[in-house]
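One-letter residues, chain by chain:
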Amino acid sequence: MPEQPSIAVVGLGYVGLPLAVALSEYFSVVAFDKAPQRVEELRAGNDRTREVTQETLAGATLHLTSEAADISACDVYIVTVPTPVDRENRPDLGAVISASRAVGAVLRPGGVVVYESTVYPGVTEEVCGPILAEASGLTAGRDFFLGYSPERINPGDRRHGLRQIVKVVAGQTPEVTDYLAEIYGRVTEAGVFRAADIKTAEAAKVIENAQRDINIAFVNEVTKIFNRMDLSIYDVLEAARTKWNFLDFRPGMVGGHCIGVDPYYLAHCSEALGLHPQVILAGRRTNDSMGTYFAGMVAEALRGRQSRRVLVLGLTFKENVPDLRNSKAADLISALRQRGYDVSTHDPLADPQEALDDFGLEILPSLDGQDPFDCVVGAVAHDAYRDFASGDFASLLVPDGLAFDLRNMWDDAVMPPGRQRRSI
Ligand SMILES: NC(=O)c1ccc[n+]([C@@H]2O[C@H](COP(=O)([O-])OP(=O)(O)OC[C@H]3O[C@@H](n4cnc5c(N)ncnc54)[C@H](O)[C@@H]3O)[C@@H](O)[C@H]2O)c1
């Protein structure tokens, strides 16, 4: 294992691109994505995920490519491809499998293949290892070595980037673990943690996200209870979090590629062992119901009104990112439409074409010049919406209109005369 390995990063999305850029400061890096359009955009300096700036991209010494043959001479492969679920919420390992085939086809003796994609325990060694072995004709653990290092970045979060997060690493042998610790140690200031083995590292990652999902589900459930009692969940949380060991989670719609997906990976693994998970899937059901539930709250607040024009602000799965995957704001919109509301939507970060393709939703090009709405629903706390002032509500809402604040982002906003704000 060379001290200055050449590294291929396979899959240049939210996870792979920042990693490739960071590694390229210390190593020779081939950055490979199977989508030529993505590679073209990156070559032109445009990262649509907004994780890497144009300036950083321009300054990085990456070999960007969509040609699989270009990764052939590398010593270390880091796989960062998507791990979604299918329509039945079963793990879809298609991208991991095809990336493994591509790497296996060019893998040389002594190569190390590290997975960063979130998976259930066993995928690296029991699914990917055999594919790499078959495609390369080499033996795992003797001719080439496996590793796993979960990615823990939080897109849109500038305080917890790659460099500020402890990197968990595990290799097939202690030597490989040390080797990975050395490589990743260059790009993190927070340190490296050597997990007991690959399955342990896989398990740690998947429970981090499942735990988060369950905690949010609990807060969502008590939100429903307190709503029946006319108590504000935010007032309740403000009081409860004064206790030192209260876990501070907020209610909301859990979408995206990780928190709402990874628990299904854990559940799948559990089912395969004959254990039927109760808590994990209950959390998923609760969180998946929230778009429809919030639509019911909005409808209740608007009951009795003649006019039914509603504007939903925010369509991405969370604030300050352009990522539309598994957006639950789309559920909210669809549930409001089913109730007969005339719903418009706006999002300054989402790609309008993607919104149309994925959800059949047209995003308003601008908030300027719109006829005022009966209700504006704050669904995603993008900074642009957080900064709303009285004049914004005055132009967006009819004189007795309602700002329904699902994210508690306007609690300090001064409402113009006649307009009301409601939170959950
Ligand atoms: N997005 C996050 O916040 C986050 C955080 C931690 C972990 N993860 C995990 O990291 C993994 C990647 O997630 P992401 O959000 O970066 O995904 P993404 O969709 O943003 O990017 C994946 C990229 O991989 C490319 N790709 C797909 N199949 C490929 C193949 N066979 N060969 C080469 N390229 C291929 C796609 O074109 C895409 O550009 C997932 O397992 C995810 O669960 C994501």
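Report follows, based on the coordinates. From a predicted model like this one, the values you see are computed outputs, not experimental measurements.

## Description of the overall build of the chain
Right, so step 1: Summing up its helical and strand segments, the chain has 15 helices and 13 strands in all.
Right, so step 2: For 424 residues, the compact-globule formula gives about 22 Å, and the C-alpha radius of gyration of the chain, at 23 Å, lands near that figure.
Right, so step 3: If you line up the chain on its principal axes, its C-alpha atoms span 70 × 50 × 40 Å.
Right, so step 4: Taking all 424 residues of the chain together, the buried fraction comes to 53%.
Right, so step 5: Counting only carbon and sulfur atoms, one obtains 50% of the accessible surface of the chain, whose full area is about 19,200 Å².
Right, so step 6: Averaging the positions of the 41 positive and the 58 negative side-chain charges in the chain gives two centres separated by 5 Å.

## Observations regarding the packing of helix H11 (residues 290-301) against helix H12 (residues 329-338)
Right, so step 1: Orientation of H11 relative to H12, taken along the N-to-C sense of each, is 45°, at an axis distance of 8 Å. On the basis of the axis angle, H11 is oblique to H12. For the pair H11 and H12, the sense of crossing is right-handed. Here H11 contributes Gly291, Thr292, Phe294, Ala295 and Val298 to the contact with H12, which in turn contributes Asp331, Leu332, Ala335 and Leu336.

## Considering the site of the ligand
Right, so step 1: Close to the ligand lie 26 residues, the nearest being Val15, Asp33, Thr83, Thr118 and Pro155.
Right, so step 2: In the model, an oxygen atom of the ligand is placed 2.5 Å from a nitrogen or oxygen of the Asp33 side chain.
Right, so step 3: The backbone of Lys34 places a nitrogen or oxygen atom 3.2 Å from a nitrogen atom of the ligand.
Right, so step 4: Expressed as a share of its isolated accessible area of 830 Å², the protein-covered part of the ligand is 90%.
Right, so step 5: With 3 residues, helix H4 (residues 94-106) is the largest single contributor of residues to the shell around the ligand.
Right, so step 6: Along the lines of polarity and charge, the residues of the shell around the ligand split into 13 nonpolar, 8 polar and 5 charged.

## Quick word on the environment of Arg186
Right, so step 1: Take Arg186: it is sitting in helix H6 (residues 174-187).
Right, so step 2: Arg186 sits in the partly exposed class, given a relative accessible area of 36%.
Right, so step 3: Residues Arg186 and Ala22 lie 164 residues apart in sequence; the distance between their C-alpha atoms is 8.9 Å.
Right, so step 4: Not counting residues up to four positions away in its chain, the partners in contact with Arg186 are Glu3, Gln4, Tyr26, Phe27 and Arg163.

## So, H11
Right, so step 1: With 12 residues, H11 extends 16 Å between its outermost C-alpha atoms, agreeing within 8% with the 16 Å of an ideal straight helix rising 1.5 Å per residue.
Right, so step 2: Most of H11 sits out of view: 9 of its 12 residues are buried.
Right, so step 3: Every buried residue of H11 is listed here: Met290, Gly291, Tyr293, Phe294, Ala295, Gly296, Met297, Val298 and Ala299.
Right, so step 4: Structurally, H11 contributes buried residues whose contacts are with helix H7 (198-228), helix H10 (279-288), H12, strand S11 (373-378), strand S12 (397-405) and strand S13 (420-423).

The rules we used
Residues numbered from 1 in each chain as written. Predicted model: local features only at pLDDT ≥ 70, side-chain atom pairs only at ≥ 80, totals over all residues. Heavy atoms only, no water. Helix = DSSP H or I, 4+ residues; strand = E, 2+ residues; numbered from the N terminus. Rg over C-alpha atoms; globule rule 2.2 N^0.38 Å. Buried < 20%, exposed > 50% of the residue type's maximum accessible area, 1.4 Å probe, protein only. Areas by Shrake-Rupley, 256 points an atom, 1.4 Å probe, with all protein chains shown as cover. Lys, Arg positive; Asp, Glu negative; His and termini not counted. Charge placed at Lys NZ, Arg CZ, Asp CG, Glu CD. Axes fitted to C-alpha atoms, helices over the stretch in contact; angles between N-to-C directions. Parallel < 35°, antiparallel > 145°, perpendicular 65-115°, else oblique. Left-handed = near helix turned anticlockwise from the far one by under 90°. Contact = heavy atoms within 4.5 Å. Near = heavy atom within 4 Å. Polar contact = N/O pair within 3.5 Å; in protein donor to acceptor, adjacent residues only side chain to side chain. Nonpolar A, V, L, I, M, F, W, Y, C, P; charged D, E, K, R; others polar. Expected span 1.5 Å × (residues − 1).

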